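Each chain, written out:
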Amino acid sequence: MILAMAESGLTMAGEIDVRESLRRLWREHAGFVRAAIVRLAGPSLDPDDVLQEVFIVAWRRHADLREGASVRGWLHAIAARTVMAARRKARLRRFFGIDEAEKVAGEGGPGRDFERAEAASLVYRALDRLSEKKRTVVILFEIEGLSGEEVAAVLGIPKATVWTRLHHARAELLEALAELQRQDPGAREEGA
Amino acid sequence: MSDASSSWRERNPGAAALLDEARQVRTLSAAEKAAGLAALEKRIASAPPSWLFPAILAGTAVAAVLLCAAGAAFYFTHPAAPQWREVAVEAGDRVSASPGALVRAEPLDTTSPERRVYLDAGELSLQVSHRPAGKTLVVVTPHLTVTVVGTRFHVRAQGGLSSVSVTEGRVRVAVPGKGDVLLGAGEAVRSDDARLVAASPVPVPAPAPAPGPPPPVDPLAAQNALFSAADDDFSARRFDAAARRYADYLARFPDGALAPEAALGEARALSRAGHPAEADAAARRFLARFPTDARAAEARSLLSR
């Protein structure tokens, strides 16, 4: 199968060069995918590295995109899986002492991609206290702004699971924010 | 559910504000987008074709299966090496026969002074406990006979030859038609060894004329018994008793096969018993009689300065 671009996104068609399709895919969606990666990963990863990985996966798996399917949803799902895999790999590397502790926003590292670096730093420090599954759900729903159905589609899980994870994730997030606020009174008041 | 979401945000406005602020990320510039695409195309150009990935995965899986199959085949076609088996001789003895060895032990007869084990082919490893005086264990191969009172040794009968190697103690090895030799710890002999031709059998003294017929005494067994008793005393740190027994041996069997060992043993025992002058004299007797013995240096170390 060969990818072709439609005005509103990518749909399946034939007889177009795959390499040219990839270029169009990049030109039309790289910005959106990179923003999604920054929000999913937080300041802990280099979004440009992950962005490359996402498009390489898209190039290799282009046959998986069904005709009429949302290209953005497909790329979003690849981005979510790639970020989760990269975070697991980074955790392992830190555990074995291969990498130094992750950088935080506002230090000139990957956190420079946030417009409000201070708020992002606080939010992602709190999110890092959640499990990877809860963290991803709350980011997709509360920060990315996806609907419950879209989150379920991106992660490939039932909608009910999305709501359950979201319920627990929100409670844990509030608790983590309050804890960080107590530890660092200079941090922004998270509010009640 | 969106109502529920709005409700949560309304109840937690501070957290909602923080999440909204975290949503705002920098956009990708046109230059960054172009550079990123160039980097992507470069990576894809150097990457193996996509059809190769399933092939690599399949190849890895096939290799893993083949490796497991080869391991299983090796395991089932290479059974563990056959084990040596124990041969029952007497309590206290440990006799092991090599796989396939042709060996049989004579039935136990408490009235017989010796117990015989026949090794027709293969190998025997023996750890023989000390026998009481007059009792011996004899290992018979088609080519030689090993007589032992108590020791550890190894016998092999293969390819028209037999060999004996001694780990502890001493054994007498006799080859019919050739002669015999006394082996100590660390020594070995083959049935075609030249020493056996040169050696003479231990002479059997003629029975003394006496009114009553004395009980028959095996001279080798008597030597072994007396020498072993001296060794036992030495091992038990009864050095005076050991010295007396070694001297007794030398008096009774001055040309006995164990005379060098007894002479040196007497010097050692006297030294350990705290009699330096007597030890010095015994060591000098040893050196005078056996000047080329390999243990001469040890005897010299026992001389008083």
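### Thoughts on the overall build of chain B
Each helix and strand in chain B was counted, giving ten helices and eleven strands. A buried classification covers 37% of the 305 residues belonging to chain B. Total accessible area on chain B is roughly 17,100 Å²; 60% of this is exposed by carbon and sulfur atoms.

### Some words on helix H8 (residues 259-272) of chain B
All names here are of chain B. End to end, H8 covers 20 Å across 14 residues, agreeing with the expected 20 Å (1.5 Å per residue, within 8%). For H8, the tally of buried residues reaches eleven of 14 residues, placing the bulk of the element in the interior. For H8, the complete set of buried residues consists of Ala259, Pro260, Glu261, Ala262, Ala263, Leu264, Gly265, Glu266, Ala267, Ala269 and Leu270. Count one or two residues on from H8 and you reach glycine 274, which has phi positive near 90°.

### Concerning a nonpolar patch on the surface
Together, A:Leu92, A:Phe95 and A:Phe96 give the surface a local cluster of nonpolar side chains, amounting to about 400 Å² of exposed area. Among the secondary structure elements, A:Phe96 is positioned in the loop between helix H3 (71-95) and helix H4 (117-127).

### What about the interface of chain A and chain B?
Between chain A and chain B, the contact holds 40 residues from the first and 31 residues from the second. When chain A packs against chain B, the two sides together hide about 3,600 Å² of surface, and 62% of this comes from carbon and sulfur. Contact with chain B buries area across many residues of chain A, yet A:Trp26, A:Glu142 and A:Arg170 alone supply 16% of it, more than any other trio. Where chain A touches chain B, the interface holds five salt bridges. With its nearest N and O atoms 2.9 Å apart, the salt bridge here joins B:Arg26 to A:Asp113. Summed over the shared surface of chain A and chain B, the number is twelve residue pairs in polar contact (both at pLDDT 80 or more). If one sorts the elements of the side of chain A that touches chain B by residue count, helix H1 (residues 18-41) of chain A sits on top with eleven residues. Its residues assigned to classes, the side of chain A that touches chain B comprises 21 nonpolar, four polar and 15 charged.

### Considering the confidence of the model for chain B
Any residue range with low pLDDT should be treated as having predicted coordinates unsuitable for detailed reading. All names here are of chain B. With 85% of its residues at a pLDDT of at least 70, chain B reaches an overall mean of 79. Ignoring residues within four places in sequence, the model shows residues 198-216, a span with pLDDT below 50, making eleven contacts including any to other chains. For this predicted complex, the interface score ipTM comes out at 0.79, while the overall pTM is 0.46.

The rules behind the values
For every chain, the first residue of its written sequence is number 1, and the numbers climb from 1 along that sequence. Lettering of chains starts at A and numbering of ligands starts at 1, both following the order in which they are written. The predicted nature of this model means local features are confined to residues of pLDDT at least 70 and side-chain atom pairs, given and counted, to a pLDDT of 80 or more, with totals for whole chains, interfaces and linings taken over all residues. Heavy atoms from the whole structure form the basis of all side-chain values; hydrogens and water molecules are not counted. Runs of E in the DSSP output that reach at least two residues are strands. Runs of H or I that reach at least four are helices, and both are numbered from the N terminus. Categorising residues by exposure relies on relative accessible area from a 1.4 Å probe, with only protein chains included: less than 20% of the type maximum marks a residue as buried, more than 50% marks it as exposed, and the intermediate range marks it as partly exposed. What sets the accessible areas is the Shrake-Rupley method with a 1.4 Å probe; for residues, cover comes only from the shown protein chains. By this rule the span expected of a helix is its residue count minus one, scaled by 1.5 Å. To count toward a patch, a residue needs a relative accessible area above 30% and no salt bridge. Like charges then connect within 9 Å, nonpolar side chains (Val, Leu, Ile, Met, Phe, Trp, Tyr) within 5 Å. Here, a salt bridge means any side-chain nitrogen of Lys or Arg that lies within 4 Å of a carboxyl oxygen of Asp or Glu. Contact definition: two residues touch when any of their heavy atoms are within 4.5 Å. Once two parts are joined, some of their accessible surface, as seen by a 1.4 Å probe, is lost; buried area is that loss totalled over both. Contacts described as polar in this section are N or O atom pairs within 3.5 Å, which, within protein, must combine one atom able to donate a hydrogen with one able to accept it, while residues neighboring in sequence count only if both atoms come from side chains. Following the grouping adopted for this structure description, the nonpolar residues are Ala, Val, Leu, Ile, Met, Phe, Trp, Tyr, Cys and Pro, the charged ones are Asp, Glu, Lys and Arg, and the polar ones are all others, Gly among them. By definition, pLDDT measures how confident the predictor is in each residue, and it falls between 0 and 100.

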